Amino acid sequence: MSDFYQQPPRLENAYDSDPLLRAFLERRLPADELVEVDRELHRFGERVIGEIARWGDEAESQPPRHIPYDPWGRRVDDIWVSDGWRALDRASAEEGLVAIGYERRYGERSRLHQMAKLYLFHPSSATYSCPLAMGDGAARFLEVYGDRNDERVRAAFTHLTSRDPADFWTAGQWMTERSGGSDVSQTSTIARRDDANGCFRLSGTKWFTSATTSQMALTLARIEGAPAGGRGLSVFLVELRDATGALRGIRINRLKDKLGTRALPTAELTLDGAPARLVGGEGDGVRKIATLFNVTRVYNAVAAVGGMRRAIALANAYARVRVAFGERLIDHPLHRATLLDLEARCRLCFFLAFRVVELIGKEECGTATDAELAMLRLLTPVAKLYTAKQAVIVASEVLDAFGGAGYIEDTRLPRLLRDAQVLPIWEGTTNVLSLDVWRAIERTGAFEPWRDDVADRLERARGKGGRHVTPLLGMLSDVTHTVKLEDAALRAAGARELAFGIARITGALGMLEFSADAAADENIERALRG
Ligand SMILES: Cc1cc2nc3c(=O)[nH]c(=O)nc-3n(C[C@H](O)[C@H](O)[C@H](O)COP(=O)(O)OP(=O)(O)OC[C@H]3O[C@@H](n4cnc5c(N)ncnc54)[C@H](O)[C@@H]3O)c2cc1C
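Right, let's walk through the structure included here. On a predicted model such as this, the values are computed, not experimentally measured, just so you know. (Residues numbered from 1 in each chain as written. Predicted model: local features only at pLDDT ≥ 70, side-chain atom pairs only at ≥ 80, totals over all residues. Heavy atoms only, no water.)

Let's shift gears to the side chain of Ser185. Following the sequence through the fold, Ser185 ends up in the loop between strand E3 (171-174) and strand E4 (190-193). At 3.2 Å, the side chain of Ser185 and the side chain of Gln186 are in polar contact. In this view, Ser185 contacts Arg222, Gly229, Gly230 and Leu233; residues no more than four positions away in its chain are not counted. (Helix = DSSP H or I, 4+ residues; strand = E, 2+ residues; numbered from the N terminus. Polar contact = N/O pair within 3.5 Å; in protein donor to acceptor, adjacent residues only side chain to side chain. Contact = heavy atoms within 4.5 Å.)

Take a look at the structure:
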């Protein structure tokens, strides 16, 4: 009988073991800020592989349950969640995972600080990053569109950005109905005026509502008599429960039985006269709600990269302790090359996602130039769609790198793939966002500022001897050619390739500027092959 037992992979402090993140922050933050952020992330890097990961595991193994009735037959629609899920909520508040973005201690670099934390937090959090994303998106929406004289709106913003676990709120976003999530213009939820102070009653059904235990949600509905289509929709703030904890005009029909994100409650809801406040005025709701999506899409991109980083860290750790054919996996050239390929994909995505993080920080602090605003509009959907697709590829390959263990539930590895698979679907599917890239190009002229910026930076990199300047210029010329296509069907059919091209160029340029040594060259080559 064999007495061999495989040593499991061990994670190290998630921040200390991530030289890319540390070097990136060193370049981006002034010395005094760096000292503070570095100290905080070092502490947090330990916490995310310790108690936060344990809470995430607990939440994953004890998924939420819908309790429709109390023991006496009264309809209550409770959602039971584990202690682990609740602890993740408390930790999110204490760590300021949303608050940092609004305290703006480091001005336009605050989003960088916040997203560096999210990147470390997400892979341990059993997707608690989802309620945080929606809470942050709601806070930004209220900041832009909320009426500061409306006490309830002010209170909601304060809750969403609180560091006090007792006061902290997260938010849902209820957009998708049975008729569609990509095309919400068919929304059939009706808003009936309840009083003259902007209060309405909502009736309709919402087909996907994640984080249904959140205290509030932003949702789309059509005010009675408003025109059909997206322009006839308005945005409403719903507070889910009254002071006794009872749902206000809302029924939970059931929780979704999902491939992944199993700790996250995602429900189907019926709104039956749910009280709601109009926010941002009547109509044009689909355009206005983009303010929320811009934030949740940045979260999606950063979560995708954080997930890749964690998966690769696990695969590397395993490759150092697993032996096959007399050698550690890491010493087999082909296995090592496979892992390096994943590392290169992850790096490219890192630079792409954090480029958007830097731009959104500038936009929110009013320091972005017009060209930067245009680039933000272009790169937000690009970063979301590209990093999400890469996250699925990387997670799948990491399971492969574990052999049979990668397929076995109690290693907790299959979750990496399940949870990655949602990233290309929610917050806008890959094709729908690719078409959004075209909209950004056609309606806001977002391509030229990006192209000019890339061309300038490539010229500067050429001066420093960057070997990949020429291939990147070639790629830039290809996407410029696609942008000039006139045939509408060809443009639509090529939208994904165009978005992927913009993503690869942006990410590879970040890699090129960051370091110009031979290892970096090799990484760029690998990333561009991906
Ligand atoms: C786990 C999970 C949680 C979710 N949570 C929420 C939530 O909290 N709130 C919420 O509002 N929604 C939520 N959603 C819903 C999600 O946002 C939608 O499923 C998504 O937007 C897609 O919409 P759909 O399902 O209607 O697919 P469809 O819109 O029917 O799309 C189906 C396919 O057609 C493609 N497609 C659609 N239009 C075009 C086009 N013009 N050209 C080319 N291809 C096209 C899409 O890319 C997709 O591949 C959640 C979904 C999941 C899986």
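From this point on, the discussion continues.
Once that is clear, we can look at the nonpolar core. In terms of nonpolar packing, the biggest core is built from 169 residues, with Leu25 and Trp450 touching the most fellow members. Here this core takes 17 residues from helix H12 (residues 370-401), the largest share from any one element. (Core = buried A, V, L, I, M, F, W, Y, C linked by side-chain atoms within 4.5 Å. Buried < 20%, exposed > 50% of the residue type's maximum accessible area, 1.4 Å probe, protein only.)

Oppositely charged side chains can form a pair if their charged atoms are brought close together. Applying the stated rule across the entire model yields 50 salt bridges. The partner of Arg415 in a salt bridge is Glu60, and the shortest N-O contact between them spans 3.9 Å. Highlighted residues: Arg415 in helix H13 (residues 414-421) and Glu60 in helix H3 (residues 51-61), separated in sequence by 355 residues. Looking at Glu60, the relative accessible area reads 12%, which means it is buried. (Salt bridge = Lys/Arg side-chain N within 4 Å of Asp/Glu carboxyl O.)

Throughout the structure, instances matching the rule amount to 17 aromatic pairs. Site record: aromatic cluster; members linked through ring pairs are Phe24, Tyr119, Phe350, Phe351, Phe354 and Phe514. Cation over ring: Arg65 sits above Trp80, and NZ or CZ is 4.5 Å from the ring centre. Here the guanidinium or amino end of Lys117 rests over the ring plane of Phe44, the centre of that ring lying 4.8 Å away. (Phe/Tyr/Trp six-rings, centres within 6.5 Å; stacked < 30°, edge-to-face > 60°. Lys NZ or Arg CZ within 6 Å of the ring centre and 35° of its normal.)

We now examine the site of the ligand. The immediate surroundings of the ligand are formed by 19 residues, with Gln173, Thr176, Gly181, Ser182 and Thr429 found nearest. Within the side chain of Thr176, an N or O atom sits 2.7 Å from a nitrogen atom of the ligand. A distance of 2.7 Å is found between an oxygen atom of the ligand and a backbone nitrogen or oxygen belonging to Gly181. For the ligand, the accessible surface in isolation is 970 Å², of which the surrounding protein chains cover 64%. Of all elements in the fold, only strand E5 (199-210) and helix H14 (430-444) reach the threshold of two or more residues within the shell around the ligand. Split into classes, the residues belonging to the shell around the ligand amount to 7 nonpolar, 11 polar and 1 charged. (Near = heavy atom within 4 Å. Areas by Shrake-Rupley, 256 points an atom, 1.4 Å probe, with all protein chains shown as cover. Nonpolar A, V, L, I, M, F, W, Y, C, P; charged D, E, K, R; others polar.)

Of all the 8 residues making up strand E6 (residues 216-223), 8 are buried; the element is thus mostly covered by neighbouring parts of the structure. Alternating positions in E6 separate into two faces, Met216, Leu218, Leu220 and Arg222 on one and Ala217, Thr219, Ala221 and Ile223 on the other, with burial throughout. By the bridge criterion, 4 bridges tie E3 to E6 in an arrangement that is parallel. Pairing of Trp174 across the sheet is with Thr219, part of E6. Two elements, E4 and E6, share 2 bridges in a ladder whose sense is parallel. Looking at E6, one finds that Ala191 is bridged to Ile223. (Pairing = 2+ DSSP bridges.)

This part is about the pairing of strand E7 (residues 233-239). Residues in a regular strand project their side chains so that they alternate between the two faces of the sheet. In terms of residue burial, E7 counts as a mostly covered element, since 7 of its 7 residues are buried. Here E7 shows no split at all, with Leu233, Val235, Leu237 and Glu239 on one side and Ser234, Phe236 and Val238 on the other all buried. Strand direction decides the pairing type here: E6 and E7, joined by 7 bridges, are antiparallel. Each residue of the ladder has a partner; that of Leu220, found in E7, is Val235. In this structure, E7 lies alongside strand E9 (residues 266-279), joined through 3 bridges in antiparallel fashion. Across the sheet, Val235 pairs through a bridge with Val279, a residue of E9.

Remember, this is a structural readout, not a statement about activity or role.
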